[in-house]
Amino acid sequence: MCVWATGNKMNEFVRNSLEEVEVFPSASAVVKGEKMEKEKSTWKVKKGPNGALLVDGQLRVQLASNTGQTAILRDVFALGDNAMPETGAPPATAQATFQEAKWLAARLNADDIEQVPPFSFRNMGTLAYIGDARALMQLPHEDGQRYKYLPHGLTGRMAWLVWNSAYLTMSISWRNRLRVAFRWLLNNLFGRDVSRY
């Protein structure tokens, strides 16, 4: 039996601040729907049920008024665990945040955020290291055709090898890859140094 108890607590800054908007940012905000009555409205940052910033499909932060209007901030973006897209939140994993960051960087570099379809998460599978050189791996089989020759998942040492490979290839630099691989080699030869933790 494997019990995994983790938590996704919202960042204190995001949860407790960013409440009232003292001055409506007319230069960067666009109100959805009907004409705005900004003199009579008070605005707050729009948040989801868990306290995350509610963003539109382009990962832009939204404001909500006391009169029920919504405004989109064209130059303020949020992603990862701090954001919840209106279309539904992707899983709280590094994979989802990485895809959001890559999509947003491409849109900002191309300056076409208004013309492209909204962000869409693509599940590439799930990996979890469970200790003792073993891991669990699950591959998505949504359409049934894309991975028809691959199993639904792997377990044990084979999944651990895939996990190690994925971890190394996603490291940013060759220096980091070599340092991580060398540390793994030292741990295998001499055991983990738990006194440092």
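This one's a predicted model, so the numbers in the text were calculated from it and none came from an experiment. (Residues numbered from 1 in each chain as written. Predicted model: local features only at pLDDT ≥ 70, side-chain atom pairs only at ≥ 80, totals over all residues. Heavy atoms only, no water.)

Caption draft 1: Expanded view of the packing of aromatic side chains. Under the criterion given, the structure shown has six aromatic pairs. Ring geometry for Tyr-129 against Trp-163: centres 5.0 Å apart, planes inclined by 25°, an arrangement best described as stacked. With Tyr-129 in strand 8 (residues 126-131) and Trp-163 in helix 3 (residues 156-169), this pair connects stretches of sequence that are 34 residues apart. Accessibility expressed as a relative area gives 40% for Tyr-129, which makes it partly exposed. When the ring of Trp-163 is compared with that of Trp-184, the centres are 6.2 Å apart and the planes differ by 35°; the resulting orientation is tilted. Residue Trp-163 is found in helix 3, and its partner Trp-184 is found in helix 4 (residues 174-190); the two are separated by 21 residues along the sequence. Under the relative-accessibility criterion, Trp-184 is labelled partly exposed at 24%. Counting every residue linked through ring pairs, the aromatic cluster contains Tyr-129, Trp-163, Tyr-167 and Trp-184. Positioned above the aromatic ring of Trp-103, the side-chain terminus of Arg-107 is 6.0 Å from the ring centre. (Phe/Tyr/Trp six-rings, centres within 6.5 Å; stacked < 30°, edge-to-face > 60°. Helix = DSSP H or I, 4+ residues; strand = E, 2+ residues; numbered from the N terminus. Buried < 20%, exposed > 50% of the residue type's maximum accessible area, 1.4 Å probe, protein only. Lys NZ or Arg CZ within 6 Å of the ring centre and 35° of its normal.)

Caption draft 2: Molecular detail of the side chain of Thr-70. The residue Thr-70 is located in strand 6 (residues 70-77) in this model. A distance of 3.1 Å separates a polar atom in the side chain of Thr-70 from a polar atom in the side chain of Lys-46. (Polar contact = N/O pair within 3.5 Å; in protein donor to acceptor, adjacent residues only side chain to side chain.)

Caption draft 3: Quick peek at the pattern of salt bridges. A complete count under the given rule lists three salt bridges for this structure. Note that Arg-60 is salt-bridged to Asp-56, the shortest N-O span being 2.7 Å. As far as the burial class goes, Arg-60 and Asp-56 line up, both buried. Here Arg-60 ties to Glu-114 by a salt bridge, and the two come within 2.7 Å at their closest N and O atoms. Separated by 54 residues along the polypeptide, Arg-60 in strand 5 (residues 60-65) and Glu-114 in the loop between helix 2 (94-110) and strand 8 bring together distant segments of the chain. Accessibility expressed as a relative area gives 7% for Arg-60, which makes it buried. What you see here is one network of salt bridges that share partners, running through Asp-56, Arg-60 and Glu-114. (Salt bridge = Lys/Arg side-chain N within 4 Å of Asp/Glu carboxyl O.)

Caption draft 4: Local environment of the packing of helix 3 against helix 4. In the contact formed by helix 3 and helix 4, the axes pass within 9 Å of each other and the chain directions differ by 145°. Here Trp-163, Asn-164, Tyr-167, Leu-168 and Thr-169 of helix 3 come into contact with helix 4, specifically with Arg-177, Val-180, Ala-181 and Trp-184. Looking at the contact of helix 3 with helix 4 residue by residue, the class counts come to six nonpolar, two polar and one charged. (Axes fitted to C-alpha atoms, helices over the stretch in contact; angles between N-to-C directions. Contact = heavy atoms within 4.5 Å. Nonpolar A, V, L, I, M, F, W, Y, C, P; charged D, E, K, R; others polar.)

Caption draft 5: Local environment of the environment of Pro-118. One can find Pro-118 in the loop between helix 2 and strand 8. For the pair Pro-118 and Pro-85, spaced 33 residues apart in sequence, the C-alpha to C-alpha distance is 10.0 Å. The contacts of Pro-118, once residues within four sequence positions are left out, are Gly-57, Gln-58 and Trp-103.

Caption draft 6: Representation of the side chain of Gln-62 in the model. Within the element layout of this structure, Gln-62 appears in strand 5. For Gln-62, a relative accessible area of 0% puts it in the buried group. In this structure the side chain of Gln-62 is engaged in a polar contact, spanning 3.3 Å, whose partner is the side chain of Glu-86. Those residues in contact with Gln-62 that sit more than four places away from it in its chain are Lys-32, Lys-44, Val-45, Lys-46, Leu-54, Val-55, Asp-56, Thr-70, Ala-71, Ile-72 and Glu-86.

Caption draft 7: Region of the structure containing the sheet that holds strand 8. Here three strands make up an open sheet; going across it, the order is 8-9-10 and the pairing antiparallel. Two strands bound the open sheet, and with one partner strand each, they are strand 8 and strand 10 (153-155). Averaged over all adjacent pairs, the angle separating strand axes in this sheet is 15°, with direction ignored. With five bridges joining them, strand 8 and strand 9 (residues 134-138) adopt antiparallel strand pairing. (Pairing = 2+ DSSP bridges.)

Caption draft 8: Layout of the pairing of strand 6. With three bridges joining them, strand 2 (residues 29-31) and strand 6 adopt antiparallel strand pairing. If you follow Val-30 over to strand 6, its bridge partner there is Ile-72. As defined by bridge partners, strand 5 adjoins strand 6 across four bridges and the pair is classed as antiparallel. Within strand 6, the position partnered with Arg-60 by the bridge is Phe-77.

The values are spatial; any link to function lies outside them.
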